[in-house]
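One letter stands for each residue in the lines below.
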Amino acid sequence: MDFKNIQRIHLFRILILILLPFLIGAVLLPHTAELKGSTLTRPSEIQTGYLQSQQYVFTHVYTADQSTPQVGSVFPLANYIHFYPAVSYGNMQLCFQDEGSYLTYSNGTTKTPAFQWSVEINNASRVVVFPNSIACTKAEASSSYSLSWKANIPYSALAQEDLSNTSFTPEVVVYPTVTMDYGVLQGLVFIPAFYLFIFYPAAGIIKKIQKGLLEQ
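Structural notes, computed from the coordinates. (Residues numbered from 1 in each chain as written. Predicted model: local features only at pLDDT ≥ 70, side-chain atom pairs only at ≥ 80, totals over all residues. Heavy atoms only, no water.)

## Overview of the state of the cysteines
Here a disulfide denotes one covalent bond, and it connects the sulfur atoms of two cysteines.
Moving on, step 1. In this structure the tally under the stated criterion is 1 disulfide.
Moving on, step 2. Cys95 shares a disulfide with Cys136; S-S distance 2.0 Å. Sign of the S-S torsion, about 105° for the bond between Cys95 and Cys136, identifies this disulfide as right-handed. Residue Cys95 is located in strand S5 (residues 88-98), and its partner Cys136 is located in strand S10 (residues 134-138); the two are separated by 41 residues in the primary sequence.
Moving on, step 3. Taking the relative accessible area as the measure of exposure, Cys95 reaches 2% and is therefore buried. (Disulfide = S-S within 2.5 Å. Helix = DSSP H or I, 4+ residues; strand = E, 2+ residues; numbered from the N terminus. Buried < 20%, exposed > 50% of the residue type's maximum accessible area, 1.4 Å probe, protein only.)

## Some words on the nonpolar core
A general trend in soluble globular proteins is that nonpolar side chains are found buried together.
Moving on, step 1. Phe96, Trp117, Val119, Val129, Leu147, Trp149 and Phe168 are the most contacted members of the largest nonpolar core, which has 29 residues in total.
Moving on, step 2. Elements with a minimum of two residues in this core: strand S1 (32-36), S5, strand S8 (116-121), strand S9 (125-129), strand S11 (144-152) and strand S13 (172-181). (Core = buried A, V, L, I, M, F, W, Y, C linked by side-chain atoms within 4.5 Å.)

## Points about unusual backbone geometry
Moving on, step 1. Positive phi, close to 55°, is recorded for Asn123, a residue that is not glycine.
Moving on, step 2. As for its position among the elements, Asn123 is in the loop between S8 and S9.
Moving on, step 3. Of note, the phi angle at Asn132 is positive, near 55°, even though the residue is not glycine.
Moving on, step 4. Note that Asn132 resides in the loop between S9 and S10.

## Let's talk about the pattern of salt bridges
Moving on, step 1. Scanning the model with the defined rule gives 1 salt bridge in all.
Moving on, step 2. Where Glu120 meets Arg126, a salt bridge forms, and the shortest distance between an N and an O atom there is 2.7 Å.
Moving on, step 3. Residue classification places Glu120 among the buried positions, given a relative accessible area of 19%. (Salt bridge = Lys/Arg side-chain N within 4 Å of Asp/Glu carboxyl O.)

## Comments concerning the packing of aromatic side chains
Moving on, step 1. Counted according to the given criterion, the structure contains 5 aromatic pairs.
Moving on, step 2. Their ring planes at 75° and their centres at 5.8 Å tell us that Phe115 and Trp117 sit as a pair that is edge-to-face.
Moving on, step 3. Arranged with centres 5.8 Å apart and planes meeting at 45°, the rings of Trp117 and Phe168 form a pair that is tilted. One end of the pair, Trp117, is in strand S8; the other, Phe168, is in strand S12 (residues 167-169), and 51 residues separate them in sequence.
Moving on, step 4. Judged by relative accessible area, which is 0%, Phe168 ranks as buried.
Moving on, step 5. Members of the aromatic cluster, joined through ring pairs, are Phe96, Phe115, Trp117, Trp149 and Phe168.
Moving on, step 6. In this arrangement the basic side chain of Lys36 is found over the ring face of Tyr175, its NZ or CZ atom lying 4.2 Å from the centre. (Phe/Tyr/Trp six-rings, centres within 6.5 Å; stacked < 30°, edge-to-face > 60°. Lys NZ or Arg CZ within 6 Å of the ring centre and 35° of its normal.)

Shown next, in the form of structure tokens:
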């Protein structure tokens with residue numbers, strides 16, 4: 001067997017045993033996931049607030065880099081190889097969710113009025129959040145965010161009620177989301193997996209068939 005043929009055989013083996021499974025894992029199979037970070041609820045000292053006007057406001061601070069999502073539950077080995085280029089993160093967002101804020105009237109009944117939250121971020125941009133809904137905006141992992149929540153509650157929701165005995169309970173949370181791309185990690189894991197579970201058993205079957213044919 002000449003040198004060129006040996007080179008071709010080695011090249012073929014590299015393509016079959018390394019490049020092919022890597023491309024299957026890194027490109028062809030799904031390799032992204034949306035991850036949710038830890039949740040920040042409303043400040044604990046705020047349970048209810050008496051409505052002295054149409055607006056209800058509170059402020060808290062969110063530090064996005066305090067809650068880096070982990071990927072171990074998404075793909076094996078990710079807790080050990082969760083760095084670039086094996087795993088990359090992008091498209092970080094802060095999501096604001098209303099989980100059912102409600103009014104409590106003087107007679108004890110509760111109601112979710114037709115209102116909306118206006119969340120001011122760092123005294124600059126605003127995000128509108130409707131009852132029982134989620135709204136997200138782009139964020140940076142290394143930044144901190146001062147969030148001012150303002151509930152614009154229509155007077156119609158308070159008609160014929162004693163404001164001093166009417167309270168509003170905010171049920172809101174904030175959390176970050178990021179898009180994780182683990183294609184390179186999945187491709188690397190597929191190389192030994194392809195050899196152990198596909199190529200090696202297939203090669204063994206082929207050898208047995210060839211041996212049986214030769215014996216005949």
